[in-house]
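# Structural overview for review
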Amino acid sequence: MDVLQNLLHQTAFANGTVDWRSYVMIVVAFVFLYLAIKKGYEPLLLVPIAFGMLLVNIYPPIMESGGLLEYFFKLDEWSILPSLIFLGVGAMTDFGPLIANPKSFLLGAAAQFGIFAAYLLAIVMGFNGKAAAAISIIGGADGPTSIFLAGKLGQANTLMGSIAVAAYSYMSLVPIIQPPIMKLFTTEEERKIKMDQLRPVSKLERILFPIVVTTVVCLILPSTAPLVGMLMLGNLFKESGVVKQLADTACNAMMYIVVILLGTSVGAKTSGENFITPDTLKIVVLGLVAFAIGTAAGVLFGKLMCKISGGKINPLIGSAGVSAVPMAARVSQKVGAEADPTNFLLMHAMGPNVAGVIGTAVAAGVFMAIFGV
């Protein structure tokens, strides 16, 4: 009987480690797993995040001092995992469309408007400056940058879980959130615009691009070096052609290991006690508003460029200025193809898309410069 009583008291039901908020988060974890596995919404991100969420709400000590996932989370807090993610992204990214059409930088910059709009709204809603800055990066639909900035601004233990889950959730829901906004701000005729084929990009241009971008951006905003530097280093691995082993490792084995550690540890910051709060609800709302404003700003700037170019630029590619690579570019292609099945916008949209990755990192650097980090 003593043995049975000990076993009974060790269950989560008897020892009080699981309350109603934990049960809510367990249900949320199940929903995320369903979206990832059944619907295919960014499974590489949602599966580890959802499982980390499930683990911490069943067994909270796993994230406490000395717990397994607490050590994983330290790598997030120290900005190691987000920087390594950028290394892998750089090794997978083709900056050719951006090099071929440098005007894409403007569309990527326009989409960052959502970040600064969310920053002001967060201040109005009662968050302090650093918390507002960390929250606002959600508008760039860039999970690693959101985690990186939250850690740098001292929000790791309070807001990082909510910020990261919101950022990755909106990244996975890009195909649902963006199309209605894109259609709202464009006409049928604009969505049917076919763009000229991009010019070929030489190998020399591809090699010089990461070197020049790193030099210029990091001289102006040195605090962006961990993100922009790793992004461009990964791309240099890819484009130089002389370190194929490093490029393959960065975008395959290393990338997937880092995604497992980062996703699981981020999900484990969403215990019911810490996650189900009024601030979390505000963060989710602010993230959605920021993402919507960023998408709208990109499309509206695309309309302006369409007018200036005499109808040669399809405004839909402006929505890809958020840095959800390559999902946002695929959505631009999908919406354009709905208007005209013969329209092919994917490569044109990849320009603003990869520009958005750089733009979000620069926005994070601006906030770090503002707060003296």
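Everything here concerns the structure above.
This report concerns the structure included in the present document. Bear in mind that the values here come from a model prediction, so they are computed numbers and not experimental data.

## Here's the deal with the overall build of the protein
Tallying secondary structure elements over the protein gives 21 helices and zero strands in all. In terms of C-alpha radius of gyration, the protein reaches 21 Å, essentially the compact-globule figure of 21 Å for 373 residues. In terms of overall dimensions, the protein has a C-alpha envelope of 80 × 45 × 40 Å along the principal axes. The 373 residues of the protein split such that 55% are buried. In the protein, 78% of the contacts between residues at least 6 apart in sequence involve partners at least 24 apart. Total accessible area computed for the protein in this model is approximately 16,000 Å², and 70% of it derives from carbon and sulfur atoms. The protein carries 23 positive and 20 negative side-chain charges, and their two centres are separated by 9 Å.

## Focus: the packing of helix α4 (residues 68-77) against helix α17 (residues 253-267)
Two numbers describe how α4 lies on α17: the axes approach to 8 Å, and their chain directions differ by 110 degrees. Classified by the angle between their axes, α4 and α17 sit roughly perpendicular to one another. Across the interface between the two elements, L69, F72, F73, L75 and D76 from α4 touch L261, L262, T264, S265 and V266 from α17. Split into classes, the residues belonging to the contact of α4 with α17 amount to seven nonpolar, two polar and one charged.

## Topic: the environment of V213
Summarising the element assignment, V213 is placed in helix α14 (residues 203-220). Through-space distance from the C-alpha of V213 to that of M232 is 7.7 Å; in sequence the pair is 19 residues apart. Excluding anything up to four places from it in sequence, V213 contacts C218, V228 and M232.

## A word on a nonpolar patch on the surface
A contiguous nonpolar patch, built from L204, L208, I211, V212, V216, L219 and I220 and spanning about 700 Å² of accessible area, is present on the exposed surface. Given the relative accessible area of 44%, V216 is considered partly exposed.

## Examining helix α15 (residues 225-240)
Burial in α15 covers these residues: L227, V228, G229, L231, M232, G234, N235, F237, E239 and S240. Directly beyond the C-terminal end of α15, a positive phi value near 75 degrees is found at G241.

## What about the pattern of salt bridges?
For the structure shown, the criterion picks out 10 salt bridges. Between K183 and E338 there is a salt bridge, and its shortest N-O distance comes to 3.1 Å. Of the two residues, K183 is situated in helix α12 (residues 174-184) and E338 in helix α20 (residues 327-339); the sequence distance between them amounts to 155 residues. In this structure, R199 engages E205 in a salt bridge whose closest nitrogen and oxygen atoms are separated by 2.8 Å. Given the relative accessible area of 39%, R199 is considered partly exposed. A relative accessible area of 26% means that E205 is categorised as partly exposed.

## Concerning the environment of V201
Mapped onto the fold, V201 is located in the loop between α13 (188-191) and α14. Taking relative accessible area as the criterion, V201 reaches 16% and is therefore assigned buried. Sequence separation of V201 and L98 is 103 residues, and the distance between their C-alpha atoms is 9.8 Å. Among all residues touching V201, those that are not within four sequence positions of it are G96, I99, A100 and R206.

## Overview of α4
Within α4 the residues assigned to the buried category are L69, E70, F73 and D76. Mapping the buried residues of α4 onto a view down its axis gives an arc of 105 degrees, with all of them on the same face. When the buried face of α4 is taken as reference, the exposed residues oriented beyond 90 degrees from it are L68 and Y71. Turning to α4, the residues buried within the fold contact α3 (43-58), α5 (80-92), α10 (143-152), α11 (160-172) and α17. At the C-terminal side of α4, S79 shows a positive phi close to 65 degrees.

## With respect to the environment of T214
Among the secondary structure elements, T214 is positioned in helix α14. The class for T214 is partly exposed, based on a relative accessible area of 24%. Sequence separation between T214 and M232 is 18 residues, and the spatial gap between their C-alpha atoms is 6.6 Å. Setting aside residues up to four positions removed in sequence, T214 forms contacts with L219, V228, G229 and M232.

The rules behind these values
- Residues numbered from 1 in each chain as written.
- Predicted model: local features only at pLDDT ≥ 70, side-chain atom pairs only at ≥ 80, totals over all residues.
- Heavy atoms only, no water.
- Helix = DSSP H or I, 4+ residues; strand = E, 2+ residues; numbered from the N terminus.
- Rg over C-alpha atoms; globule rule 2.2 N^0.38 Å.
- Buried < 20%, exposed > 50% of the residue type's maximum accessible area, 1.4 Å probe, protein only.
- Contact = heavy atoms within 4.5 Å.
- Areas by Shrake-Rupley, 256 points an atom, 1.4 Å probe, with all protein chains shown as cover.
- Lys, Arg positive; Asp, Glu negative; His and termini not counted.
- Charge placed at Lys NZ, Arg CZ, Asp CG, Glu CD.
- Axes fitted to C-alpha atoms, helices over the stretch in contact; angles between N-to-C directions.
- Parallel < 35°, antiparallel > 145°, perpendicular 65-115°, else oblique.
- Nonpolar A, V, L, I, M, F, W, Y, C, P; charged D, E, K, R; others polar.
- Patch = residues over 30% accessible without salt bridge, like charges linked within 9 Å, V, L, I, M, F, W, Y side chains within 5 Å.
- Salt bridge = Lys/Arg side-chain N within 4 Å of Asp/Glu carboxyl O.
- Arc of directions from axis to C-beta.

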